[in-house]
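Analysis of the macromolecular model
Here is how the chains run, residue by residue.
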Amino acid sequence: MNIKNLNLLLIPAAFIVPIKANAIEYLNIEQAKKIIFPGANEFEKIELRLSKQQIEEINEQSPIPLDEAELLIWKVSKDKTCLGYFVINDVIGKHEYITFAIGLDRNGAILSLEILQYREDHGQEVSREEWRKQFVNKNLNSDFKLDRGITNISGATLSCKHLIAAIQRLLTIHKVAFNNDAL
Amino acid sequence: MMLFKRAKPLLGTFIEIWVKSSNEDHANTAISEAFNVIKNIEACLSFHQESSEVNAINNSYKNTILTISNYLYEILLISKELYIKSNKIFNISFRNNDFDFLNDIDLTEENKIKINKEVKIDLGGIGKGFAVDKGVEKLIGSGFQTGGINAGGDMKIFGKEQQALYIRSPLAQNKAIKIKEDYNCAIATSANYFRNNSHTSPKDPGIINPTNKQIWDGNRSISIISPSCAISDALTKVVAMVENSLAEKILNNFKAEAIILEH
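None of the values given here were measured: they were computed from a predicted structure. (Residues numbered from 1 in each chain as written. Chains lettered and ligands numbered in written order. Predicted model: local features only at pLDDT ≥ 70, side-chain atom pairs only at ≥ 80, totals over all residues. Heavy atoms only, no water.)

**As for the sheet that holds strand β2 (residues 16-18) of chain A**
Strands pair in a sheet through their backbones, by hydrogen bonds, and they do so in one of two ways: parallel or antiparallel. The strand order across the open sheet formed by four strands is β2(A)-β9(B)-β8(B)-β9(A), and the pairing between neighbours is mixed. Looking along the sheet, the strands with just one partner apiece sit at the ends: β2 and β9 (153-154) of chain A. Bridge count between strand β8 (residues 163-168) of chain B and strand β9 (residues 175-182) of chain B: six bridges; the pairing is antiparallel. Bridge pairing in β9(B) places B:Ala164 opposite B:Glu181. (Pairing = 2+ DSSP bridges. Helix = DSSP H or I, 4+ residues; strand = E, 2+ residues; numbered from the N terminus.)

**Section: the packing of aromatic side chains**
Taken as a whole and judged by the stated rule, the model has eight aromatic pairs over all chains. With a centroid separation of 5.5 Å and 65 degrees between ring planes, the pair formed by A:Trp74 and A:Phe86 is classed as edge-to-face. With A:Trp74 in strand β5 (residues 70-78) and A:Phe86 in strand β6 (residues 81-92), this pair connects stretches of sequence that are twelve residues apart. Neither A:Trp74 nor A:Phe86 differs from the other in exposure class; each is buried. Seen in terms of ring centroids, A:Tyr118 and B:Phe14 are 5.1 Å apart; in terms of plane orientation they differ by 65 degrees. Their pairing is edge-to-face. Separated into two different chains, A:Tyr118 in strand β8 (residues 110-121) and B:Phe14 in strand β2 (residues 13-21) make up a pair that spans both. Each member of the pair A:Tyr118 and B:Phe14 is classed as buried. Taken together, the ring pairs connect A:Phe37, A:Phe43, A:Trp74 and A:Phe86 into an aromatic cluster. (Phe/Tyr/Trp six-rings, centres within 6.5 Å; stacked < 30°, edge-to-face > 60°. Buried < 20%, exposed > 50% of the residue type's maximum accessible area, 1.4 Å probe, protein only.)

**Brief notes about the confidence of the model for chain B**
All names here are of chain B. Here chain B averages 88 in pLDDT, and 89% of its residues register 70 or above. Taken together, the stretch residues 194-205 has pLDDT below 50 and engages in 25 contacts with residues farther than four places along the chain or on a different chain. What the predictor reports for the complex is a pTM of 0.89 with an ipTM of 0.86. (pLDDT = per-residue confidence, 0-100. Contact = heavy atoms within 4.5 Å.)

**Overview of the packing of helix α3 (residues 70-85) of chain B against helix α4 (residues 127-141) of chain B**
The description of two helices packed together rests on the angle between their axes and the distance between the axes. Residue and element names in this part refer to chain B. In contact at an axis separation of 11 Å, α3 and α4 are set at 120 degrees when each is read in the N-to-C sense. On the basis of their axis angle, the class for α3 and α4 is oblique. You can see that α3 and α4 cross each other, and the crossing is right-handed. Mapping the contact onto sequence places Tyr71, Glu74, Ile75 and Ile78 in α3 and Gly127, Phe130 and Lys134 in α4. Among the residues forming the contact of α3 with α4, the class breakdown is four nonpolar, one polar and two charged. (Axes fitted to C-alpha atoms, helices over the stretch in contact; angles between N-to-C directions. Parallel < 35°, antiparallel > 145°, perpendicular 65-115°, else oblique. Left-handed = near helix turned anticlockwise from the far one by under 90°. Nonpolar A, V, L, I, M, F, W, Y, C, P; charged D, E, K, R; others polar.)

**Observations concerning the environment of B:Ser142**
All names here are of chain B. Relative to the helices and strands, Ser142 resides in the loop between α4 and β6 (146-151). Here the alpha-carbon distance between Ser142 and Asn70, two residues 72 residues apart in the chain, equals 20 Å. In contact with Ser142, not counting residues within four places along its chain, are His26, Ala30 and Glu33. Separated by 2.9 Å, the side chain of Ser142 and the backbone oxygen of Lys138 make a polar contact. (Polar contact = N/O pair within 3.5 Å; in protein donor to acceptor, adjacent residues only side chain to side chain.)

**Notes on the interface of chain B and chain A**
In this assembly, 57 residues from chain B lie in contact with 48 residues from chain A. A combined buried area of about 4600 Å² lies between chain B and chain A, and 55% of that area is made up of carbon and sulfur atoms. Counting the contacts that link chain B with chain A gives four salt bridges. With a closest N to O distance of 3.1 Å, B:Asp25 and A:Lys34 form a salt bridge. Residue composition of the side of chain B that touches chain A, grouped by class: 26 nonpolar, 19 polar and twelve charged. Strand direction decides the pairing type here: β2(A) and β9(B), joined by three bridges, are antiparallel. Each residue of the ladder has a partner; that of A:Ile16, found in β9(B), is B:Ile177. (Buried area = accessible area lost by both parts, 1.4 Å probe. Salt bridge = Lys/Arg side-chain N within 4 Å of Asp/Glu carboxyl O.)

Structure follows, in structure tokens:
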């Protein structure tokens, strides 16, 4: 008999695990830098503050609006030659919180993307500030790890369309606001 | 030994790849290579990317012979075996198009496909599972003894240590059911978890029964455990559509078992 029918109401409680706030940290920022730009030997933090006009222009073209003027960007070089940019960004959907790192080449083409942190939450909503606080303000190189909850779940996860939209938003930001001379 | 796990968006979902290793650089290099395998498979099988090999088949005239990649050739052979051993319930035809696997295309020559009749195929029902299998092959080939890949719920684990497997509850997306612990196996699950949720639903019409062309609208989840994620992926659709006695026979053909969660 290789078909098991399980009535959900009769499964012992010990086998039912809540996924209230399932969070995992995959990589910290330093690990992501090394993976996305393995040959680089300089990461220069860039202060890029967008003007109101730039934000408006970005929001006209981006699939999702930009809700902060300050971005985490590093200019990446190898032996003084610019390889591109390393950007940290996050996306907050209805149930998912994702912080990701993306490597762009000098022309804004995507080199690679890594998810740094992922949290699926069906309980209380977390604001962007609270989400960022546990990560950014803990010293970017800290050993802070989320890793709560269960892994190895079969059955559809949430779609990555919000993440894809956030990536499109970043590419729009690059087009509007990255000026190689200024950076 | 530490656990190294990374995630990327691919195949329209989140893919997690993990291995146990004592060397971070070796682990991350191998994980990157496994992601590249999945990315390459996505490019060749995608129905949505115009330049994909699948679209080359779909746009070919009758009597064309195409040279195709190892991946595509292999997945077509697996699909053909599934077609035969599932009494033609598993079919890679796109939506309601008719596709006779035994006559419309010919796969007798390695890495070649002969189009006998113009076809429209879609490997979405097996592609994710196949990509997981190939990614795991890459990890094992790199020498890791324990690890796994989870592609949006289609998963394969391998190794010398048991790993726990859960299935998301079909009634409450914030709950999961612990099913087993195992060393090596694959699991795939079909259900309508998020289909009515506008923030997650793709434009997928859902699972269609090829014999009566109706959309399946069950309120349960079906998980298939087998040695291959491609088989598990494909059989979730098949088992949903047939009566138990035929399902048992098909599952036996592939050394698979089904776990149905229902209310």
